Amino acid sequence: MKVEIDILNYNGKNLLELCLPSILRAAKNSIYKPKIVVVDNNSSDRSADFVKNNFPEVSFMQLPENKVLCAFNDAAKSSEADIMIFLNNDLKVDENFIDPLIEVFKKRDNMFLAAARVCNFDGNEIEDGRNIPLIKWGIIKGICKFKGYERDLDEPSFTFMAGFGAFDRKKFLELGGYDSLYLPGIMEDMDICFRAWRRGFRSIYQPKSLIYHMGKTSFTKRFGNRKLLAISHRNTYFFIWKNINDAGILFKNIFFAPLRLIYALLSLKWEIVWGFFWFLLKFPSVIKSRFIESSKQKDYLVSDKQLFLFFKRKLWNSKNIEKLIGDRFDYLAKTFPSCINETDSRLGAILKNVNPRKGEKILEVGCGKGRVCRVIKNLGADIYGMDISEKLLTSAKDIEPFHFMKAEAYKIPFKDNTFDAVILLEVAEHIPSLQIALKEFERVLKAEGKLVIVDRNKFSLNNRRFLVPNLIIKRYHELKNEWMYPRDFPYREIWFNPWGLARKLKDNFYEVKYEYIVSDGERNKWWHMIFKILPQARHFVLWQAIGKNTVGSNAQSSLKPKAVLKEFGTNFVWGVEKVAKNPSLCLEAASKNVLSSRFCLRIDADEYYKESFACFYPLFEKTNKALTIFFNVNSFQYVQEHILRCKELGLDIQSHAYFHHTYNEYFSNRYNIKRAKNFFERIGIKTKGFAAPMGKWNWALMQALEAEGYEYSSDFSYDYLSLPSFPSYKRRTSKILEIPIFPVAPELFFQNKLFSQNDILAYYKDAIDEMIRLNLPVIIYAHTSTYGQQVVDLLNQITEYALKDKNLAPINMTSICKLWKDNAGVGLGSSLDYEFMDSGYLGREVNLPSILRLKKRAREMLEPERINLIKDFVSFK
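Quick caveat: nothing in here was measured; it's all calculated off a predicted structure. (Residues numbered from 1 in each chain as written. Predicted model: local features only at pLDDT ≥ 70, side-chain atom pairs only at ≥ 80, totals over all residues. Heavy atoms only, no water.)

The residue after L183, namely P184, is reached through a cis peptide bond having omega 15°. Even without being glycine, N42 reaches a positive phi, approximately 60°. Assignment of secondary structure puts N42 in the loop between β2 (35-40) and α2 (47-54). A positive phi angle is found at I186, which is not glycine, with a value near 85°. Among the secondary structure elements, I186 is positioned in the loop between α5 (169-174) and α6 (188-198). (Helix = DSSP H or I, 4+ residues; strand = E, 2+ residues; numbered from the N terminus.)

Below, the discussion takes up the packing of aromatic side chains. Enumeration over the complete set of coordinates arrives at 51 aromatic pairs. An angle of 65° between the planes, with centres 6.4 Å apart, marks the rings of Y182 and F238 as edge-to-face. Taken as a pair, Y182 in the loop between α5 and α6 and F238 in helix α7 (residues 217-243) lie far apart in primary sequence, 56 residues in all. By the burial criterion, Y182 is buried, and F238 matches it. Measuring from centroid to centroid gives 5.4 Å for Y763 and Y764, while their planes differ by 75°, and the two rings are edge-to-face. Across this residue pair, the class does not change: Y763 and Y764 are buried. Every member of this aromatic cluster is reached through a ring pair, and the members are Y182, Y237, F238, W241, F276, F277, F279 and F283. (Phe/Tyr/Trp six-rings, centres within 6.5 Å; stacked < 30°, edge-to-face > 60°. Buried < 20%, exposed > 50% of the residue type's maximum accessible area, 1.4 Å probe, protein only.)

Our focus in this paragraph is helix α32 (residues 813-822). Every buried residue of α32 is accounted for by M813, T814, I816, C817 and W820. Projected down its long axis, α32 carries its buried residues within an arc of 160°, all on one side. Residue N812 occupies the N-cap position of α32, its side-chain oxygen lying 3.3 Å from the main-chain nitrogen of T814. (Arc of directions from axis to C-beta. Polar contact = N/O pair within 3.5 Å; in protein donor to acceptor, adjacent residues only side chain to side chain.)

Its place among the elements puts T623 in the loop between α24 (617-622) and β24 (627-631). The residues contacting T623, other than those within four sequence positions of it, are L601 and T799. (Contact = heavy atoms within 4.5 Å.)

What follows is about the confidence of the model for the chain. Counting all residues, the mean pLDDT for the chain is 82, and 85% of those residues have values of 70 or more. Per-element averaging of pLDDT across the chain places helix α35 (residues 873-876) at the bottom with 28 and β24 at the top with 97. Low pLDDT, under 50, characterises residues 582-588; the stretch is placed with 35 contacts to residues that sit more than four places away or in other chains. In this model residues 825-877 is a low-confidence stretch, pLDDT under 50, and it forms 125 contacts with partners more than four residues away in sequence or in other chains. (pLDDT = per-residue confidence, 0-100.)

Tallied over the entire structure, the rule returns 33 salt bridges. A salt bridge links K242 to D191; the shortest N-O distance between them is 3.1 Å. Remark: D191 occurs in helix α6 and K242 occurs in helix α7; sequence separation between them is 51 residues. As far as burial versus exposure is concerned, K242 and D191 are alike and both buried. Across the pair E271 and R226 runs a salt bridge, and its minimum N-O distance is 2.9 Å. Of this pair, E271 sits in helix α9 (residues 270-281) while R226 sits in helix α7, and the two are 45 residues apart along the sequence. For E271, a relative accessible area of 12% corresponds to the buried category. Overlapping salt bridges bring together D344, R346, E426, E429 and R456 as one network. (Salt bridge = Lys/Arg side-chain N within 4 Å of Asp/Glu carboxyl O.)

Attention now moves to helix α31 (residues 788-805). When the terminal C-alpha atoms of α31 are compared, their 25 Å separation across 18 residues agrees well with the 26 Å that a helix rising 1.5 Å per residue should span. Taken residue by residue, α31 has G788, V791, V792, L794, L795, N796, I798, T799, Y801 and A802 as its buried positions. Looking one or two residues past α31, N807 carries a phi angle of roughly 55°, positive in sign. (Expected span 1.5 Å × (residues − 1).)

A word on the pairing of strand β3 (residues 59-62). Sheet topology note: the β2/β3 ladder contains four bridges and is parallel. When the sheet's bridge partners are listed, V37 is paired in β3 with S59. In this fold, the crossover linking β2 to β3 by way of α2 has right-handed handedness. (Pairing = 2+ DSSP bridges. Right-handed = clockwise from strand over helix to strand, strands pointing away.)

All right, on to the sheet that holds strand β18 (residues 511-517) then. The sheet built from seven strands is open, its strands ordered β15-β14-β13-β16-β17-β19-β18 with mixed pairing. The strands lining the two open edges of the sheet, one partner per strand, are β15 (404-406) and β18. When strand polarity is set aside, the average angle formed by the axes of neighbouring strands in this sheet is 15°. Relative to strand β19 (residues 540-546), β18 runs antiparallel, the two being bridged by seven bridges. Residue pairing across strands places Y514 opposite W543, the latter belonging to β19. In this fold helix α13 (residues 345-354) packs onto β13 (361-365), β16 (419-425), β17 (445-456), β18 and β19, with an angle of close to 165° to the strand it touches most, β17. This element, helix α18 (residues 498-506), spans β17, β18 and β19 of the sheet and lies at about 155° to β18. (Axes fitted to C-alpha atoms, helices over the stretch in contact; angles between N-to-C directions.)

Within the fold, V452 resides in strand β17. Judged by its relative accessible area of 0%, V452 is buried. With residues near it in sequence (within four places) discarded, V452 still touches I350, N353, V354, V422, I423, L424, L542, W543 and Q544.

This paragraph deals with the pairing of strand β6 (residues 111-120). The side chains of a regular strand alternate, residue by residue, between the two faces of the sheet. With 10 of 10 residues buried, β6 lies mostly within the body of the structure. Bridge count between β6 and strand β12 (residues 202-213): nine bridges; the pairing is parallel. The partner of C119 across the bridge, within β12, is Y212. As paired strands, β6 and strand β11 (residues 165-168) are joined by three bridges and run antiparallel to one another. Within the sheet, the bridge partner assigned to A115 lies in β11 and is G165. Where β6 and strand β7 (residues 126-128) come together, two bridges link them in antiparallel fashion.

Moving on, we get to the side chain of N353. The topology assignment puts N353 in helix α13. Classification of N353 as buried rests on a relative accessible area of 8%. A polar side-chain atom of N353 sits 2.8 Å from the main-chain carbonyl oxygen of A349. Apart from residues no more than four positions distant in its own chain, N353 is found in contact with K450, V452, E515, L542 and Q544.

Encoded structure:
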């Protein structure tokens, strides 16, 4: 990997004398031995002579004019490096700062920028590091000193932008480099990083790389502080109106602009006024840039809103927020009551639904000072409490026996099936990731246990201020900084849509219901009849949920688990795979058997093997009507003549992604899919189908495939040896049809070297017979591997048996998708699920003892597709 360090200079001879030695030392310490170039913006202080005389090993690039940061564009165009490290002339570097930056590019795909930790020149204060976008009053800026930033100083993480660091040269040029619109400077670094993120390119903060910055020395000397502030304000508007498409941000920018000007005039901050009118004068140029940027939006993988939400979630993960919320409760501990009135309607609703009795174990999550626990203990139940505030728990120490502890809702320190009931009183609104907590509540509840939640109703009306919506009152006090959490706090308590929370509960519990509670305040008002007639206006709601196992077999049959292990086996092949088992939509084509008596051969071209790939051409030509080939672009992009040859042979050509990897999150999956899709389009192939690398399936992959307009996919981790279906998740059904296949590839036998060609062929013939018996489409798959001719010979025999001996009709996977969708009546589930249970080959769900045995065996003999080849099936059983 070629690395180059470029140092920007303008009349900075004295700065170069001070800082260049540290950069040279770092270059000598690096294993990459980078080239060092001073990029000079037409200096008049004889910087060129100074560098040539004192640092002959440093190259000097003289530009005819001062382009400020845009000079790096020229440097990138003339360079042959893979990675370019951009630095200013007013900084020193740690002697080991280079290699950690470059290692980031090796470890991660799709990297654009690796940013260093930047300190002041003395090293006692952080200047830049992990950077996040801050959006306020329609203005966007990148900041590194956000609340709690100290926690992340020593850990690598995503960063929104950076001025100094290592850049992927090709991606930098692909984005057009720094935009001259912002000259003489400020915000152009944010601009290019923002555009990179929208393309799906990543920027990472690397704290092991350390830089010491003197700080805007040349800029301040040239322009002065007042003009710098005006430029900064002007360029902030440039950035918004060039890049932002989110209507909310644009509206706020327009709405608050006059108020910002009035404030500037009253406070005599003329630089703000100057910057705004400077922006207006340049507005035609900004709109022109906006049109240019809009023309590139087809290449963007994420919207403004998605990107800002991504950084918000990355910044405040549930662990960080939970700690801050706990600190807040500690701070306000003295203001919370220690007891609850026995006539309180919320308490009455809880006791009515829980009905605590002697001998029962009950857990209160967010017990605070134990006010509800005291009442339940007096009724004879064995009460346990947990809270994230140490100070609140100290007030509950008088409850005997003392079963109280500091713990988070995400990690309840009790074993499975411990409690008869779990209760939360005005606590759920303070749990940032409630869905995670609900899984914990379900885990610790017994089979007949109840979850009872009392919390605030999002649509309630205030009983003191005549029928004013409570959400408006809440927001008013938040803006006045009079609420539970301060204005700058990263979390706001959530008030619930009653049926929305009930829907979330149904993901983890079987029987869910809710009721509206009339509070004492609502009951005592003269307009109390409104709350009686319209219960939806009441301030509190009680939700009750019962665990899945409590209603007997009906509950179990109506709710499928989200994932199961499936096993299949014969006399010498045994396999187990974790597959998604979400409730899915199957077309009525299943009952019509539209895919029975069909044969398809799926070929995965994962890697290009020059010696063996040509062996497949006779097979391709012979079975082109029954064959779909999935190309991994990264392996074939430089030998695309093979793809075009397959196109000439009439093959159904589809995508196996760009990188042979399936990611767990949407952005990376979409980039991987889109990059491959663009490649195929450039050579005249429109792909409709996809096969996930390594067969790994997840919902983020489905969303990315939908966004790119794909119609079907075929992934082991979704299902195998079954009928096609549309995955369903959180009450949303995907548009992507999943086509399961027979999950054994011939290469597994050849790797094992235990089986003869006749043994392997007999195995496939038996499997084909079984699929025909069950009215399944016969879809066999293989790879274009190093076993080229062996695989081709076997596949020729398999296709001859299927097409001639069994008289199956040839069909490719794209035609399977079309045929299935054309028979368009929709019904739930597959009528053939239970027939599969009887087959030795096909998809039994495994009980726990079998899982433990199979996992042990899988660790010993795991193959790439997680299929175990076992000689003696009987002894294993």
